[in-house]
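# A look at the structure
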Amino acid sequence: MSVLIIVFLTAVAALFSGVFEQGKFARYIGIFGLIIALYVSFLPEASFFAQYRHMYDYTANTALFTKISLVTTLLLFFLGGFAFSNHRSHQSELYALMLFALCGGIILFGFQNLVTLFLGIEILSIPLYVMAGANKTDLRSNEASIKYFLMGAFATGFLLFGIAFIYGSTGTFDLYRIQEFTITNPKNIMLILGVILMLCAMSFKVALAPFHMWSPDVYAGSPSLITAFMASVVKISGFFALFRLMTIGFSGVTAEWINILGVFLIITLVLANVMGLAQTNAKRMLAYSSVSHAGYIGLVFFGMNALSTYTLAFYLFAYSLSTVGVFMCLIWVEKIKRETSFGAFKGLAKTEPLLAVVATISLLSMAGIPLTAGFMGKFSLFTQALTKDDNTFLVIVAVLGSAISIAYYLRLIIAMFFFKETTFKTSEKVTITYNIVAVIIIASLVVLGVYPDLFAKQFGL
């Protein structure tokens, strides 16, 4: 909770900094606050907050996912100076909204109670509805905002209806008391209805098919840095909340929901990868890529063991780094070319080789090519799922989906490297900040791919 309070106060400070110099200090305030929050996340929780443990419990797992989300947000803030250069009049609001959304994510990492879960999801979602429409003069951005808001409200209805069913059957909102009830009453019809409704609502939040309809349009219409935030930090928060809800609260009725989730994953893996092949725009392709990764991450529920939480954390961290790596390249190209089609990337390697390399390694990591962090993440998830014979078909679908994804990732890599004539007629060079972030991401993805145990050591495990 100390981290949560620091991030919240940083968000308030960033918001009010908009009064001075059109908010140009907001990014520095955000970076400073996030560094302090990251430092505090390695310290033991203050004893004062023990009295709130029945609502929010800062466990070792909560700390781990909080650190991952703070690191990812920090990298995105470093990219903000260039990405938000055309939002000068309201950039302080955008930075503040990102931090407020992060507060919602941190609440989701430690919720003990379904009321806290609901609060976390709404605090995470409402700033995103606003940020999606930040390009006020762009009709696609307006469409992204209204579509996300309407679909989000629909999903919230599912969530609240599910919570009502669960409270009606168990008489409590507490996660561990619900767990006790599910173990003793696994065939309670009202409880099972509530579980299925909540699973559908959470599937919307993490963009699992068939609840992914909003994702491509919202990702394509939102400002690129906000899209990167949605595809990384929001996905980390949503998936750990789903993981915590299903493996703690609903562990007694696993047999009732695991097959439904399996169907969602198969639809997600097939649909997202096939649709990814059909895209001609890099940003929409990355939107479908994000949906397909929700399918891979969902494998963590199959063949669960003591290392499942760590496997989930490693995969989400590797995926988030890759997302930031690709989007920093896309942000620069979009700013220079005013478009994000595959053709816009032609010859990028000649003009900005470091950007092309970081995007390539990030895409290879997403595809699960060996010697990258993404390969180790996928290998761990697939191996875990294969510990039970029942999951063989699911893993085969995931492997085939991963193979298909290589085709659409390669299209972007070919555009950057295999065109002799560069199409970038600009004197504008990538800033030193971008180059530093690029080197950090390249080093992290390669080192974690070769020596994955370093992840555990860096995050205090």
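Residues numbered from 1 in each chain as written. Predicted model: local features only at pLDDT ≥ 70, side-chain atom pairs only at ≥ 80, totals over all residues. Heavy atoms only, no water.

### So, the overall build of the chain
Scanning the chain from N- to C-terminus turns up 19 helices and 0 strands. Relative to the 2.2 N^0.38 estimate, which gives 23 Å for 461 residues, the radius of gyration of the chain is 21 Å and therefore close to what a compact globule would have. The buried share of the chain, reckoned over its 461 residues, is 60%. Nonlocal contacts in the chain, meaning residues at least 24 apart in sequence, comprise 81% of its contacts between residues at least 6 apart. Of note, the chain has its 27 positive side-chain charges centred 7 Å away from the centre of its 19 negative side-chain charges. (Helix = DSSP H or I, 4+ residues; strand = E, 2+ residues; numbered from the N terminus. Rg over C-alpha atoms; globule rule 2.2 N^0.38 Å. Buried < 20%, exposed > 50% of the residue type's maximum accessible area, 1.4 Å probe, protein only. Contact = heavy atoms within 4.5 Å. Lys, Arg positive; Asp, Glu negative; His and termini not counted. Charge placed at Lys NZ, Arg CZ, Asp CG, Glu CD.)

### A short note on the packing of aromatic side chains
Using the criterion set out here, one finds 19 aromatic pairs in the structure. Each ring, one from Trp 257 and one from Phe 301, has its centre 5.8 Å from the other, and the planes form 90°; the classification is edge-to-face. Taken together, the positions of Trp 257 in helix H11 (residues 254-277) and Phe 301 in the loop between helix H12 (282-297) and helix H13 (308-337) put the pair 44 residues apart, joining distant regions of the chain. By the burial criterion, Trp 257 is buried, and Phe 301 matches it. Measuring from ring centre to ring centre gives 6.0 Å for Phe 375 and Phe 379, while their planes differ by 25°; the resulting arrangement is stacked. Of this pair, Phe 375 and Phe 379 both sit in helix H16 (residues 373-385), 4 residues apart, which is roughly one turn of that helix. Of the aromatic side chains, those joined through ring pairs into one cluster are Phe 65, Phe 109, Phe 240, Phe 243, Trp 257 and Phe 301. (Phe/Tyr/Trp six-rings, centres within 6.5 Å; stacked < 30°, edge-to-face > 60°.)

### Focus: the nonpolar core
Ranked by internal contacts, the top residues of the largest apolar core, which has 169 residues, are Leu 117, Phe 250, Trp 257, Phe 301 and Phe 345. Take this core: its biggest share by element is 18 residues, from H13. Sequence-distant contacts of Phe 250, defined by excluding residues within four places in its chain, comprise Ile 166, Ile 178, Thr 182, Val 195, Met 198, Leu 245 and Trp 257. (Core = buried A, V, L, I, M, F, W, Y, C linked by side-chain atoms within 4.5 Å.)

### Considering the pattern of salt bridges
Evaluated as defined, the whole model comprises 5 salt bridges. Among the salt bridges present, the one from Lys 147 reaches Asp 217, with a minimum N-O distance of 2.6 Å. Here Asp 217 lies in helix H9 (residues 214-221) and Lys 147 lies in helix H6 (residues 139-170), a separation of 70 residues in the sequence. Judged by relative accessible area, Asp 217 falls into the partly exposed class, the value being 21%. Among the ionic pairs, Lys 283 bridges to Glu 334, the shortest N-O distance being 4.0 Å. Of the two residues, Lys 283 is situated in helix H12 and Glu 334 in helix H13; the sequence distance between them amounts to 51 residues. Assessed through its relative accessible area of 4%, Lys 283 is described here as buried. Of the residues examined, Glu 334 reaches a relative accessible area of 23% and is grouped as partly exposed. Here the salt bridges share partners, and the residues they tie into one network are Glu 143, Lys 147, Asp 217 and Arg 284. (Salt bridge = Lys/Arg side-chain N within 4 Å of Asp/Glu carboxyl O.)

### Notes on a nonpolar patch on the surface
Residues Val 357, Ile 406, Leu 410, Ile 414, Phe 417, Phe 418 and Phe 419 make up a contiguous nonpolar surface patch of about 580 Å² in total accessible area. The element that contributes the greatest number of residues to the nonpolar patch is helix H17 (residues 392-417), accounting for 4 residues. Residue classification places Leu 410 among the partly exposed residues on the basis of a relative accessible area of 37%. (Patch = residues over 30% accessible without salt bridge, like charges linked within 9 Å, V, L, I, M, F, W, Y side chains within 5 Å. Areas by Shrake-Rupley, 256 points an atom, 1.4 Å probe, with all protein chains shown as cover.)

### Thoughts on the confidence of the model for the chain
Of the residues in the chain, 95% have a pLDDT of 70 or more, and the chain-wide mean is 86. Of all helices and strands in the chain, the one with the weakest mean pLDDT is helix H19 (residues 453-458) (77), whereas helix H5 (residues 114-132) scores best (91). (pLDDT = per-residue confidence, 0-100.)

### Regarding unusual backbone geometry
Geometrically, the link from Ala 209 to Pro 210 is a cis peptide bond, its omega value of 5° lying close to zero. Here Pro 210 shows up in the loop between helix H8 (189-205) and H9. For Arg 338, which is not a glycine, the phi torsion comes out positive at approximately 65°. Note on placement: Arg 338 falls in the loop between H13 and helix H14 (348-351). Arg 338 gets classed as exposed once you look at its relative accessible area, which sits at 70%. Even without being glycine, Leu 371 reaches a positive phi, approximately 70°. For Leu 371, the location among the structural elements is in the loop between helix H15 (353-367) and H16.

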